[in-house]
Structures are given as C-alpha cells and as structure tokens.
Amino acid sequence: MTTLTLSSADATTLTADVLVIGTAPAGGRRKGAVLVGPAASFKAASKRRLEESLTALGATGKVGDVVTVPGTGISTAPIVLAVGLGSGPYDDETLRRAAGTALRSLAGHRRAAVALPVETPGALTAVAEGALLGAYSYDEYKVTSKSSHKSGVDRITVAVADSKDAATVAASAHAKAVASGVNLARDLVNAPSQDLTPVDFARVATEVSDGLPIEIEILDEKALTEGGYGGILGVGRGSVNPPRLVRLAYRPDGATQHLSLVGKGITFDTGGISIKPSMSMHEMKGDMGGAAAALGTIVTAAKLGLAINITSYLCLAENMPSGSAQKPGDVLRTYGGTTVEVLDTDAEGRLVLADGLVRAQEDKPDILIDIATLTGAAVVALGIRTTGIMANDDDLRTAIHVAGNRAGENTWPMPQPEELRANFDSLVADLTNIGLVGRSHGGMLSASIFLKEFVKPGQSWAHLDIAGPSYNSLSAWAYTPRGGTGVAVRTLTALAEDLIARQA
Ligand code: BES
Ligand code: ZN
Ligand code: ZN
C-alpha cells in the first residue's frame, strides 16, 4: 500500500526520487510550458531554468503532457517531472487526472514529492486521490525480474501550505480512505479466480472490515439451502467452490437514512453450460466487480465515519459447467419464492442478484442499489468508461449521476421500457432469465426489467451496469490502470455523502 503524507516544507527541499510539478501552455505567442501551482513561486532563476529546459524538451503544458528534467541545482529530488494541467480552470477531475498521470508514469520509483495546485481542501483531496490511484500496481504475482513490470511509487509527500491545518488533514484523510476503497476493489477484480473463490472473497470481506464498525454475516451453502436462496445456489451448483452470501452492516450512531448495496459477485463466469467463447474469457475473473464495489464502499464509509446506515450484500458464486451444473430449462426457486426458468446459464448475474435484492429489502432500506457487471450489451451501448444507471426513481437516478460527476466517474441514465417485461414470460415458471430476444435488442435494459421483478412497489431502487468500466482491457490512462478499475466505489461514496448533506 502506498503511503501519503503532507509537508509544509519548501517543495524543492523534500526528500524524494522525483518532484512532480504542474505546467500550463505558455499562451499568447510564446511556445512551450510555464509553471503553475507551487512551482510558479520557485526562486526566479530555478523557475526560468525549468521553463526553458521543459520547453526545449517539447513540453506543451497541455493535459496529458509529461516531461522530465534533471533536478540538479533546483530540487533535492534528482528528477523533476512536469505534468500538463492545461490552461485551466483546474476543476477537481483535472487535478485528479494530472496527479494520476504523473504518479502512474513514475512506476519503478519509490518516493515522489508532489507540488501541484492544492489551495483548497477540495483540490488537495483531488490531487491526493489521483496520486494514490495513479500509484496503484497489482504486484501479487510478480515474482522474478523476468517481466518488465514496475511497481507503483510507495511513498508520496504532498506539499501544502500548512500540514497541521485541520481542513488540510481532513482533506488528505478523505482521499486516503476513498483511494484505499477503490484499490481494494481493484485488487479483488485483478485476483485470479483460483485464489478468489466465493469462500476467499468472504474471508477478504471479514479481514477488511476487522477493526471497523462493520458487522459481518456469512451464509455458507448449508445456510443458503436452509434459507431458500435458489438463485445463488443454482448458479454455484456446477462448481467445486461453494457459493456464499455475505451481509455487511454499518450502523453509525445517530444515522437515520439507510442505503443498501447489492453486488454481483461471480468470481468466475464461464457462462456455465451455455458456455462462453474462449476469447477474453479470462476477463470474467472480474465478474465480481459489483460485489467488490459494494465492499469497497462500505469499508470507505466506515473509515470516514459517514453518518448513514449502509448494508452491503455480496452475492458470491462461481459459474462453471460440470455434471452438477444447472442446465438450460432448469427451474430455480429464488429467495422469496419466485421461480425462474433458466434458459441461458450465462445470464447468471440476475439470478444471484434476485436473491440479494429480495433479502436486502427485508432490512427496509430507504435506497436500494445493485451494482453488477451484468451485460455485454452495456459495453455495446455505453463503451468501456460509462456506467449505465437504470432506476425506478427519477431523483435517485439523477442523484447517482450527479454524485458520479463529482467523484470523477462517468454514468448515464438509461430507460426501463415496460414492453420488455413480456419477453420474460415462461411456459413453466414465473419468469425466464433471458428475454425472447436474447442478447440483442437492448440487452442492458432487458436485464434491468428482469431485476425489477424482484423489487417491491414503492422501494426506491437503482441498477448500475458496470460491465464496461469495471475492467480496463485497453491502455492505462490518467489514474486508471489496466485491469480492475474499482469503478463505482467513488460514485457510491459521494452519493452517501450527498444523501447526508441533503438531509442536514
Ligand atoms: N458477465 C457477463 C456480462 C459481461 C460481458 C461482463 C462482458 C463484462 C464484460 C454476464 O453474465 C453475461 O454473460 N451476460 C450475457 C447475458 C445474455 C445471455 C442475456 C451477455 O451479456 O451476453
Ligand atoms: Zn454470464
Ligand atoms: Zn456474469
């Protein structure tokens, strides 16, 4: 885990391998980059030399620009890295991305000092969060020097005006809590399914909530059978690794509102008997990204001491084909009694969520949100950086979208067309698990219509399809690495904070 500390010392005197500074386009008729933020007040001679050498090396100061120069005669750090911030204004996401870009490009170094514009607590939170997210690397299985892998920076010092100021300290603590929640979710998504079975996931949930005011309850296969959780059991039946339902409850003193999160936790999705093609199947180790977000969010909220009750349900199962696996045409009895004819065993997420959603409503939450890597159709519709929001409550849909914008995560509202419901009529059971039109014709919306059958009238509910943004199979960018992204932790944490603020 990367550590982050604050320092009010002159940034050029900080002990580090690299000093990070910010640049902007020079503007007017001048070419190149000028220094901004704390670097703009470096000694005149240092500032002039840095601007000249950066410009000579082709620095533009535009967003995404990264240029390094020797720190000789300028800083204690032997290297100065200049990251472009663009011409401003510097909103939180610009700062978060710039800090992320800088720290990500510093992988392989151990210590970084960061001197970026952090005049307000909000700006400091953004820079610290971006830095911690950008410094992330998944090193668990990197053993020998055979790979070209470089570990992320492990010590970050951020230069601030007054490192003892209460608002400054709180701003950095906030960033640390959020970044550790996101990085936890990333680790879970990146973990190979051989080492992250439902049992392993439940153990991690126990470990990370240890020492926090979170109560945990784990239903094993016996308890699931006794409780009648047919969705989770049906999906998990084909695997030698038994399923689990984990319930985490955070109940801070004085909180009145209650937010419930239900995460899809398929630790590997082969598709089951309706098996998937092998191309990119390995990415299905990340089919538990929703459960990872539900866990990451409750842990973050508890660390921050947010004054809102949160319950997280992790619906954990491994979807495998085998002699004991459920078969197309089989009928499940989900928690609460609704029967489902499984026409496609690859539409398994909605089966485990059906159990989770019904169970979650017994707690009578004010707001119910499920988070799931649910459909390939979501990736077709919204690409790989945008979460689809489907809700039965206009205010909640908007609140999630607004929280996502504040947190720096893209979301977009999607409809729940009523006419899709008839597609789920079954010859033998209450419902089928795939619409007549199968994977096509608005598959993301269709999945949400299925889930809606398990939500009681009057229950405020939203469904987040994170199939696209949960896993980055392309290149790293800003503070987003390849592989697991930890998406939705930041949006859901921001939503919880907005709910508290709205009530106050
Ligand atoms: N886990 C997949 C969805 C998915 C696809 C997530 C790509 C991330 C990236 C899900 O269980 C699934 O297979 N859904 C099917 C549903 C279909 C059978 C109705 C799909 O999207 O093809
Ligand atoms: Zn599937
Ligand atoms: Zn799946």
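Just so we're clear, the structure is a prediction, and the values are computed from it rather than from any experiment.

J.: Break down the sheet that holds strand S15 (residues 386-391) for me, citing the residues and quoting the values.
T.: Adjacent strands of a sheet form backbone hydrogen bonds with each other and so pair up, either parallel or antiparallel. Spatial ordering of the open sheet is given by S8-S9-S11-S10-S14-S18-S15-S16, a layout of eight strands whose pairing is mixed. Each of the sheet's edge strands pairs with one partner strand only, and the pair in question is strand S8 (214-219) and strand S16 (410-413). Mean inter-strand twist for the sheet, computed between neighbouring axes without regard to direction, equals 20°. Bridging between strand S9 (residues 244-250) and strand S11 (residues 309-319) involves seven bridges; their strand directions are antiparallel. In the sheet register, Leu-245 faces S11, and the bridge partner there is Cys-315. Across the face of the sheet, helix H9 (residues 349-361) comes into contact with S9, strand S10 (258-269), S11, strand S14 (367-372) and strand S18 (460-465) while running at roughly 155° to S10.

J.: I'd love a proper account of the sheet that holds strand S12 (residues 331-333), names of residues and values included.
T.: The mixed open sheet is built from three strands, whose spatial order is S12-S13-S17. A strand with exactly one partner marks an edge of an open sheet, and here the two such strands are S12 and strand S17 (431-432). Sheet analysis places S12 next to strand S13 (residues 339-341), joined by three bridges and oriented antiparallel. Each residue of the ladder has a partner; that of Arg-333, found in S13, is Thr-339.

J.: Break down the domain arrangement of the protein for me, citing the residues and quoting the values.
T.: When cut into domains, the protein gives domain 1 (3-164) and domain 2 (197-503). One C-alpha centre belongs to domain 1, the other to domain 2, and the line joining them spans 37 Å. Contacts between domain 1 and domain 2 engage 11 residues on the former and 10 residues on the latter. Where domain 1 abuts domain 2, roughly 830 Å² becomes buried across the two surfaces, and 57% of that area is made up of carbon and sulfur atoms. Our count for the contact surface shared by domain 1 and domain 2 stands at one salt bridge. The partner of Arg-490 in a salt bridge is Glu-129, with the nearest N and O atoms 3.9 Å apart. Mapped onto the side of domain 1 that touches domain 2, the elements with two or more residues apiece are helix H2 (92-105) and helix H3 (121-134). Looking at which element gives the most residues to the side of domain 1 that touches domain 2, the answer is H2, with six residues. Its residues assigned to classes, the side of domain 1 that touches domain 2 shows two nonpolar, four polar and five charged.

J.: Give me the coordination of the zinc ion (ligand 2): which residues, what numbers.
T.: Every protein donor of the zinc ion (ligand 2) is accounted for by Asp-269 (OD), Asp-346 (O), Asp-346 (OD) and Glu-348 (OE), and the metal-donor separations fall at 2.0 to 2.2 Å. Metal-centred angles of 71 to 168° between the six donor atoms at the zinc ion (ligand 2) mark the site as irregular. For the zinc ion (ligand 2), the single-chain donor residues occur in sequence as D-x76-D-x1-E. Between the zinc ion (ligand 2) and the zinc ion (ligand 3), the interatomic distance is 3.2 Å, and Asp-269 donates to each metal, bridging them.

J.: I'd like a rundown of the packing of helix H11 (residues 394-407) against helix H13 (residues 489-503), residues and numbers included.
T.: Taken N-terminus to C-terminus, the directions of H11 and H13 make an angle of 115°; their axes are 8 Å apart at the nearest point. Like other packed secondary-structure pairs, H11 and H13 cross with a definite hand, here right-handed. Contact with H11, carried on its side by Ala-399, Ile-400, Ala-403, Gly-404, Arg-406 and Ala-407, involves Arg-490, Thr-491, Ala-494, Leu-495, Glu-497, Asp-498 and Arg-502 of H13 and no other residues of that element. Grouping the constituent residues of the contact of H11 with H13 by class yields six nonpolar, two polar and five charged.

J.: Residue-level account of the environment of Glu-129, with values.
T.: By secondary structure assignment, the location of Glu-129 is in helix H3. Note: C-alpha distance between Glu-129 and Ser-180 (51 residues apart in sequence) is 9.3 Å.

J.: Which residues make up the pairing of strand S3 (residues 33-36), and what are the values?
T.: Neither face of S3 is left uncovered, since the one carrying Ala-33 and Leu-35 and the one carrying Val-34 and Val-36 both have all their residues buried. In this structure, strand S2 (residues 18-25) lies alongside S3, joined through four bridges in antiparallel fashion. Looking at S3, one finds that Pro-25 is bridged to Ala-33.

J.: Could you give me a rundown of the coordination of the zinc ion (ligand 3), with the residues and numbers involved?
T.: The protein atoms that coordinate the zinc ion (ligand 3) are Lys-264 (NZ), Asp-269 (OD), Asp-287 (OD) and Glu-348 (OE), at distances spanning 2.0 to 2.4 Å. Taken together, the six donor atoms coordinating the zinc ion (ligand 3) and their angles of 78 to 171° define a geometry best described as octahedral. When the donor residues of the zinc ion (ligand 3) are listed from N- to C-terminus, their spacing reads K-x4-D-x17-D-x60-E.

J.: Help me get a handle on the pattern of salt bridges, residues and values and all.
T.: One pass over the structure, following the stated rule, counts 25 salt bridges. Salt-bridge contacts for Glu-348 lead to Lys-264; the nearest nitrogen and oxygen are separated by 3.1 Å. Taken together, the residues span a long stretch of sequence, with Glu-348 in the loop between S13 and H9 and Lys-264 in strand S10 at a distance of 84 residues. On the accessibility criterion, Lys-264 (2% relative accessible area) is buried.

J.: Tell me about the side chain of Ser-312, and name the residues and values.
T.: Along the chain, the position of Ser-312 falls in strand S11. Dropping the residues within four chain positions of it, Ser-312 is found in contact with Val-246, Arg-247, Leu-248, Leu-261, Ala-294 and Ile-298.

Conventions and cut-offs
- Residues numbered from 1 in each chain as written.
- Chains lettered and ligands numbered in written order.
- Predicted model: local features only at pLDDT ≥ 70, side-chain atom pairs only at ≥ 80, totals over all residues.
- Heavy atoms only, no water.
- Pairing = 2+ DSSP bridges.
- Helix = DSSP H or I, 4+ residues; strand = E, 2+ residues; numbered from the N terminus.
- Axes fitted to C-alpha atoms, helices over the stretch in contact; angles between N-to-C directions.
- Contact = heavy atoms within 4.5 Å.
- Domains from an automatic or database assignment.
- Buried area = accessible area lost by both parts, 1.4 Å probe.
- Salt bridge = Lys/Arg side-chain N within 4 Å of Asp/Glu carboxyl O.
- Nonpolar A, V, L, I, M, F, W, Y, C, P; charged D, E, K, R; others polar.
- Donors = N, O, S within 2.8 Å, 3.2 Å for Na, K, Ca; no water.
- Tetrahedral: all angles 85-135°; square planar, octahedral: opposite > 155°, others 65-115°.
- Left-handed = near helix turned anticlockwise from the far one by under 90°.
- Buried < 20%, exposed > 50% of the residue type's maximum accessible area, 1.4 Å probe, protein only.

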